[in-house]
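# Chains, contacts and geometry: an overview
Residue strings, one per chain:
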Amino acid sequence: MHRTVVVVLALALVGTASRRAAAYPQYQLSRDQTCTGCHVSPAGGGLLTENGYSIAETQAQLSDSSAFMYGLLKLPGWLALGGDLRSSTGYFRAPDSGFAFIPMQGDVYASASARGFTLHVTVGARPAQWVGVGNTPAIIDRFWSREHYVMWQQDENGHDGLFVRVGRFMPVFGLRFAEHPDYTRRFGGTPLYGETYGAAVEYIKDAWEAHLTGFIADPLIDTVVHDSGGAGYAEVRLNPRLQVGGELMVTSSDGLARVRGGATGKLYLPSSDILIQAELQVVHQQVNGPRGPDQIVTYTMVSKFFTPALLLDIGIGHFDENVAISGLDRDAIDANLHFFLDSHLEVVWQNRVEVLGLGQSSGGPTGAWSLLHLHYRL
Amino acid sequence: MKRLVLIAALLGSAAGACGVTDDRPRTLEYITQTVLAPTCAAAQCYSAFKMEVGDQFDTVEATRRSMVVNGLVSTLEPTASVLYGSITVGYPSILNPGSGNVRMPFDAPMPDADVALILRWIEDGAPGAQCLPNAQGNGCFVTGTRGAAVYHVVQCVDGNAVKVIQDCPLADPTATPKKPQSICSITTGNGQCTAQ
């Protein structure tokens, strides 16, 4: 009975504003070798595979069915449904202090497959565009489809091989942390709602994978990122516990040309059940000509699995918005504690301290937050 | 020990940038692309996607429009500009006026050097956001000082007032404070001075 109530409440919350669903790259190497080991999408995130459902069950305090709506709704084999609901509540300081409630995400996913082809659609709530003081946005302006694409995969029953996608999705780039404030997401070319139209060719094997995406600025709606360009990302697993990767993204928009190059690394220590992963980007920009700031973006995360249901992430980010000028760099230390009550409900206590111009005479105010994040997976 | 020194040096170089002189271009293009867009135009804030309170800072044209139409910059008294005040002391939220001052950005602090760059750009006359051209290429431009503003109909190129077409006269130039008695109205045509 309680499951039915939870599902109904969760569905009622779908009307809240939306944010991007994402996978936890903490589980790659520590629980499976690739994102496709657990997710339908070759980029990870969103709908789970059978193996993903199994891992979700083992990573929770209470044991129950991890299937869509606890298995109450039986689905045919060619159809996969899912969804994510998230909200966050807590304290902000940047540097003024305040209390905030943030409806983060209300997305429903549908994926229909036949003969190696898959049609994927994500529909959810979005923050409506401003319509002026006292005016109310139309209902239709509160919803959108963040992702929709057609995918062909070489092995229609497997999770590796060649994948080709065409449609609207996030270019595959870097480690793809779930938390969009992480610097390599926020300042690293894949910010919140950075999805756009493009085509991707992706090849995934246990030992290595490569993703190549070409994309254009969204011609249909006002969006967050206006870039057109290409992104490439590849990673090699030197052994089942260690992988290294490389990334390159070239974009242009509105007089701004940008080249991002970087490296990633991931190491799992099974004896202590700790995963260490890091990403470094060097960014060269040109604003209306040859002049523009070079930047450095890094994020390192150490994840400790205490029990199957308890996961602690300690993250350190560094972003230098202009390496030639002092006082423009920022450093953040994050501490996120995840608790998986069951295979659908997650509670995360998220904390950050952010410092500008660390160790320099000039910088700026210090920021911080402490948020309680609730996540329910349909 | 040598390793520790090397690590400390590397960390030091990572934490502190090389240069100290801020010689960044004080142009609307540079400030939009390198400061406002990455700092303020996040998804739920001043991007085209959300356009919170009607401001958009993710493209140069959108920033120019927001600055001029919403009056975010005052070259007459730069420190009184809404833009500068928003990132230094804050203003009550339009969405929740009783909440007290809200300083921007709301989600993460802004470096002092970026705040100073924006102020110096305004002090330079806010090039690129001095006017918003209509279909005929004309716009409004304000000169003078606070309390004695003079409006002009100007030829507006790339957001800059390049030629005065018509001065909007003060009805009583001796009044104290000298308030403009007519303002520029430029939505269509060649522009005109309108009695206030």
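Residues numbered from 1 in each chain as written. Chains lettered and ligands numbered in written order. Predicted model: local features only at pLDDT ≥ 70, side-chain atom pairs only at ≥ 80, totals over all residues.

Below, the discussion takes up the overall build of chain A. Check the secondary structure of chain A and you find three helices and 16 strands. In terms of overall size, chain A behaves like a compact globule, its C-alpha atoms giving a radius of gyration of 20 Å where 378 residues would be expected to give roughly 21 Å. Summarising its shape, the C-alpha atoms of chain A cover approximately 60 × 50 × 45 Å along the three principal directions. The buried share of chain A, reckoned over its 378 residues, is 47%. For chain A, long-range pairs separated by at least 24 residues make up 53% of all intrachain contacts whose partners lie at least 6 apart in sequence. (Helix = DSSP H or I, 4+ residues; strand = E, 2+ residues; numbered from the N terminus. Rg over C-alpha atoms; globule rule 2.2 N^0.38 Å. Buried ≥ 20, exposed ≤ 12 C-beta atoms within 10 Å, placed from the backbone. Contact = placed C-beta atoms within 7 Å.)

Let's shift gears to the environment of S361(A). Residue and element names in this part refer to chain A. Turning to its location among the elements, S361 is positioned in the loop between β15 (345-356) and β16 (367-377). Residue S361 is classed as exposed on the basis of its C-beta count, with 9 C-beta atoms lying within 10 Å. For the pair S361 and S326, spaced 35 residues apart in the sequence, the C-alpha separation amounts to 8.8 Å.

The next thing to look at is the packing of helix α2 (residues 28-40) of chain B against helix α3 (residues 60-69) of chain B. Helix-helix packing: each pair is described by the crossing angle between the helix axes and the interaxial distance. Residues and elements named next belong to chain B. Relative orientation of the contacting elements α2 and α3 amounts to 105°, with a least axis distance of 9 Å. It follows from the interaxial angle that α2 and α3 lie roughly perpendicular. Counted together, L28, E29, T32 and L36 of α2 and V60, T63 and R64 of α3 form the full contact between these two elements. Residues belonging to the contact of α2 with α3 are distributed by class as follows: three nonpolar, two polar and two charged. (Axes fitted to C-alpha atoms, helices over the stretch in contact; angles between N-to-C directions. Parallel < 35°, antiparallel > 145°, perpendicular 65-115°, else oblique. Nonpolar A, V, L, I, M, F, W, Y, C, P; charged D, E, K, R; others polar.)

Moving on to the confidence of the model for chain B. Residue and element names in this part refer to chain B. In this model, chain B carries an average pLDDT of 81, and 75% of its residues clear a pLDDT of 70 or more. When mean pLDDT is compared element by element in chain B, helix α5 (residues 112-123) scores highest at 97, while helix α1 (residues 2-15) scores lowest at 45. Counted against residues more than four places away or in other chains, residues 4-17, with its pLDDT under 50, gives 15 contacts. With a pTM of 0.89, the predicted complex shows an ipTM of 0.89. (pLDDT = per-residue confidence, 0-100.)

So, about the interface of chain A and chain B. Each partner contributes residues to the interface: chain A has 46 residues there, and chain B has 43 residues. For the side of chain A that touches chain B, the secondary structure elements donating two or more residues are β13 (310-320) and β15 of chain A. By residue class, the composition of the side of chain A that touches chain B is 21 nonpolar, 17 polar and eight charged.

What follows covers α3(B). All names here are of chain B. By the criterion of burial, α3 is predominantly enclosed, with seven of the 10 residues buried. All of the buried residues in α3 are V60, A62, T63, R64, S66, M67 and V68. On the buried face of α3, the contacting elements are α2.

This part takes up unusual backbone geometry. Residues and elements named next belong to chain A. Note the cis peptide between A94 and P95, where omega equals -5°. The residue M69 is not glycine, and still its phi comes out positive at about 50°. Within the secondary structure layout, M69 lies in the loop between α2 (50-58) and β1 (79-93). Positive phi, normally seen in glycine, also occurs at D273, with a value near 55°. Using a count of 15 C-beta atoms within 10 Å as the deciding quantity, one classes D273 as partly exposed.

What follows is about the pairing of strand β6 (residues 196-204) of chain A. Residue and element names in this part refer to chain A. Pairing of strand β5 (residues 161-169) with β6, which is carried by nine bridges, proceeds in the antiparallel orientation. Following the sheet pairing, R168 is matched in β6 by Y197. By the bridge criterion, eight bridges tie β6 to strand β7 (residues 208-216) in an arrangement that is antiparallel. Bridge assignment links A200 to a residue of β7, and that residue is T213. (Pairing = 2+ DSSP bridges.)

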